[in-house]
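# Geometric and topological summary
Chain residues, written in single-letter form:
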Amino acid sequence: MKLASALTLALFVCASAAAVGQESEGNYVNFTVPGALTSKPAGSYLFPGTTVQDMNDAGEIIGYYGADSSIPMRGFLRHRNGKITLLDDPAAGTPVSGATPTSANTIPYSISDSGIIVGSFGTSVPVTEAFLLTPQGDFNNFFAPVGSYYSQAFSINSKGAI
């Protein structure tokens, strides 16, 4: 009797785990950010297409795409309903004459379940700074450690630690 009860319990646990797994399976969605390059411009380092960096439990997707030489890499947030919001840090510079055109990039790397986005952007001088973007749309820029010239925020956890 104990063996039969143990087998029944084991089957129930396995069946429950399979049902949860089936419920949590997602669907793949192909999308391209409007305005993304479709081919690599001659003599350019820009890459065509849309790059996904992260997705949170709410189905919000962040990433970046090659736009054009005036803003080489632009960030985006794709909401669960498919609406796309462009993410350009207001402090991001534009390429200076003769400089390597990487200075206008805004690249988000991670999004928390509460919708906080972290990433990095370039300034008009060869400096990379990290940012935290609130769900309300406020960019908070920072260097880590203070005084550095190259900072990137690659991830944020559920407690807000970057």
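My aim in this report is to walk through the structure given alongside it, one point at a time. (Residues numbered from 1 in each chain as written. Predicted model: local features only at pLDDT ≥ 70, side-chain atom pairs only at ≥ 80, totals over all residues. Heavy atoms only, no water.)

### Digging into the overall build of the chain
The helix and strand inventory of the chain stands at 1 helix and 8 strands. Overall, the chain shows an N-to-C arrangement of helices and strands of α-β-β-β-β-β-β-β-β. Nonlocal contacts in the chain, meaning residues at least 24 apart in sequence, comprise 38% of its contacts between residues at least 6 apart. When the accessible surface of the chain is split by element, carbon and sulfur atoms take 59% of a total near 10,000 Å². (Helix = DSSP H or I, 4+ residues; strand = E, 2+ residues; numbered from the N terminus. Contact = heavy atoms within 4.5 Å. Areas by Shrake-Rupley, 256 points an atom, 1.4 Å probe, with all protein chains shown as cover.)

### Some words on the pairing of strand S7 (residues 128-133)
Of all the 6 residues making up S7, 6 are buried; the element is thus mostly covered by neighbouring parts of the structure. Bridge count between strand S6 (residues 117-122) and S7: 6 bridges; the pairing is antiparallel. Bridge pairing in S7 places Gly-119 opposite Phe-131. Bridge count for S7 against strand S8 (residues 139-142) is 4 bridges, and the pairing is antiparallel. Bridge pairing links Leu-133 to Phe-139 in S8. Once S7 ends, the chain turns through 5 residues before running back antiparallel as S8, passing Gly-137 with a positive phi of about 95°. (Buried < 20%, exposed > 50% of the residue type's maximum accessible area, 1.4 Å probe, protein only. Pairing = 2+ DSSP bridges.)

### A short note on the packing of aromatic side chains
In this structure the tally under the stated criterion is 3 aromatic pairs. Aromatic side chains Phe-31 and Phe-76 sit 5.8 Å apart centroid to centroid with 80° between the ring planes, which places their arrangement in the edge-to-face category. Taken together, the residues span a long stretch of sequence, with Phe-31 in the loop between helix H1 (2-23) and strand S1 (50-55) and Phe-76 in strand S3 (residues 71-78) at a distance of 45 residues. Residue Phe-76 is classed as buried on the basis of its relative accessible area of 0%. Taken together, a centroid distance of 5.3 Å and an interplanar angle of 65° make the contact between Phe-131 and Phe-139 edge-to-face. (Phe/Tyr/Trp six-rings, centres within 6.5 Å; stacked < 30°, edge-to-face > 60°.)

### Side note on the environment of Gly-59
Mapped onto the fold, Gly-59 is located in the loop between S1 and strand S2 (61-68). Along the sequence, Gly-59 and Asn-81 sit 22 residues apart, while their C-alpha atoms lie 8.9 Å from each other. Not counting chain neighbours up to four residues away, the residues in contact with Gly-59 comprise Arg-78, His-79 and Arg-80.

Functional significance is not addressed by these values, which are geometric in nature.
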